[in-house]
Amino acid sequence: MAGGKSGKARSHPRSDANSRIRDGVAREAARLMGTGEAGDYPQARRKASQRLGVTDKALLPDNEHIEQALQDYQRLFRPEIAELSHRYREAALEAMEFLAPFQPRLTGPVLDGTADAQSVVTLHLHDDDADAVAHHLQQHDIPADTDRVRLRLDARRDEEFPVWRFFAGDVAFELVGLPSLQVRQAPLARGDDQPMRRASANQLRRLMRDGEALAGTASGTAPHP
């Protein structure tokens, strides 16, 4: 049509430049985590932005963006990660069956598919009796170190919760005790305003059955129970 506008969407040069900057920070953050120079997403994001001279917070990638970049990095440079992730998930599933009364939810690198040899299997357990998890472990002769961890429940609230840490074989476990209400409301991820990605035992079984395709599943569809 004469004088009409083209139907093809044109990307804005500034938008493209911003995306390239964001992708670059995500790739550098992933490299830092993959080489052990950063321990988590917030630290990796901070170090990567400093190294690349990116000061505008609007140009920084979120946790999910860095997670995807880390998965890409590990597929290229750490192919053994897939086998390690499968072994950790099998251990997680066995523990979740043992801890079924507490409606366990798996979270962290083992679910994300970015676990390495130093990673911990982190399970959120839910019960309104603060001593229930400790009693369960004692009844089954499982010695555990106790600690406290602070988690953000929403944008305005954060609280401390009990943690039990132990090894089963060569796999490290971390059990976080949460109130029953939190089974449907995951705490917020560190350095992000989004709920932590978590999975129930059934969701983990489905993930493993579908071929460990966490790069295409958990990063996009793993639910927040």
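Residues numbered from 1 in each chain as written. Predicted model: local features only at pLDDT ≥ 70, side-chain atom pairs only at ≥ 80, totals over all residues. Heavy atoms only, no water.

## Here we look at helix α1 (residues 13–34)
Thinking step 1. For α1, which comprises 22 residues, the first-to-last C-alpha distance of 31 Å matches the rise-based estimate of 32 Å (1.5 Å per residue) to within 8%.
Thinking step 2. Buried residues of α1: Gly24, Val25, Ala26, Glu28, Ala29, Ala30, Leu32, Met33 and Gly34, and no others.
Thinking step 3. Tucked inside the fold, the buried residues of α1 contact α2 (41–52) and α3 (63–77).
Thinking step 4. Immediately beyond the C-terminal end of α1, within one or two residues, lies Gly36, with a positive phi of roughly 80°. (Helix = DSSP H or I, 4+ residues; strand = E, 2+ residues; numbered from the N terminus. Expected span 1.5 Å × (residues − 1). Buried < 20%, exposed > 50% of the residue type's maximum accessible area, 1.4 Å probe, protein only. Contact = heavy atoms within 4.5 Å.)

## Some details on the environment of Asp127
Thinking step 1. Relative to the assigned elements, Asp127 resides in the loop between β2 (120–126) and α6 (132–139).
Thinking step 2. Sequence spacing of Asp127 and Val183 is 56 residues, and the spatial spacing of their C-alpha atoms is 9.2 Å.
Thinking step 3. A polar side-chain atom of Asp127 sits 2.8 Å from the main-chain amide nitrogen of Asp129. (Polar contact = N/O pair within 3.5 Å; in protein donor to acceptor, adjacent residues only side chain to side chain.)

## Topic: the sheet that holds strand β5 (residues 171–178)
Thinking step 1. Taking strand neighbours across the sheet as the criterion, the 6 strands line up as β3-β4-β5-β2-β1-β6 in an open arrangement whose pairing is mixed. Strands with a single pairing partner mark the edges of an open sheet, and in this sheet they are β3 (145–152) and β6 (198–199).
Thinking step 2. In this sheet, β2 lies alongside strand β1 (residues 105–107) in antiparallel orientation, the contact comprising 3 bridges. Residue pairing in the sheet places Thr107 in a bridge with Thr122 of β2.
Thinking step 3. Against the sheet, helix α4 (residues 81–98) makes contact with β1, β2, β5 and β6, and its axis sits at roughly 45° relative to β5, the strand it touches most. (Pairing = 2+ DSSP bridges. Axes fitted to C-alpha atoms, helices over the stretch in contact; angles between N-to-C directions.)

## So, the packing of aromatic side chains
Thinking step 1. For the coordinates displayed, the defined rule picks out 1 aromatic pair.
Thinking step 2. On the basis of an interplanar angle of 15° and a centroid distance of 5.5 Å, the ring pair of Phe166 and Phe173 is categorised as stacked. Phe173 carries the same exposure label as Phe166, and that label is buried. (Phe/Tyr/Trp six-rings, centres within 6.5 Å; stacked < 30°, edge-to-face > 60°.)

## Some thoughts on the pattern of salt bridges
Thinking step 1. In this structure the tally under the stated criterion is 17 salt bridges.
Thinking step 2. Ionic pairing is found between Arg87 and Asp170, a salt bridge with its closest N-O pair at 3.2 Å. With Arg87 in helix α4 and Asp170 in the loop between β4 (158–168) and β5, this pair connects stretches of sequence that are 83 residues apart.
Thinking step 3. A relative accessible area of 36% means that Arg87 is categorised as partly exposed.
Thinking step 4. With its nearest N and O atoms 3.8 Å apart, the salt bridge here joins Glu160 to Arg148. In this pair, Glu160 is assigned in strand β4 and Arg148 in strand β3, connecting sequence segments 12 residues apart. (Salt bridge = Lys/Arg side-chain N within 4 Å of Asp/Glu carboxyl O.)

## Examining the pairing of β2
Thinking step 1. When you tally the buried positions in β2, you get 6 out of 7 residues, the bulk of the element.
Thinking step 2. Taken together, the 7 bridges between β2 and β5 define a ladder with parallel strand orientation. Paired with Leu125 across the bridge in β5 is Gly177.

## What to know about the nonpolar core
Thinking step 1. Core analysis: the largest hydrophobic core is formed by 30 residues, its most contacted members being Leu106, Val121, Leu123, Leu125, Phe173, Leu175 and Leu204.
Thinking step 2. Elements that contribute at least two residues to this core include exactly α4, α5 (109–112), β2, α6, β4, β5 and α7 (201–209).
Thinking step 3. Not counting residues within four places of it along the chain, the set of residues in contact with Leu175 comprises Leu99, Leu123, Leu125, Leu137, Pro162, Val163, Trp164 and Phe166.
Thinking step 4. Counting 16 residues, the second largest nonpolar core, distinct from the first, contains Ala30, Leu32, Ile66 and Ala69. (Core = buried A, V, L, I, M, F, W, Y, C linked by side-chain atoms within 4.5 Å.)

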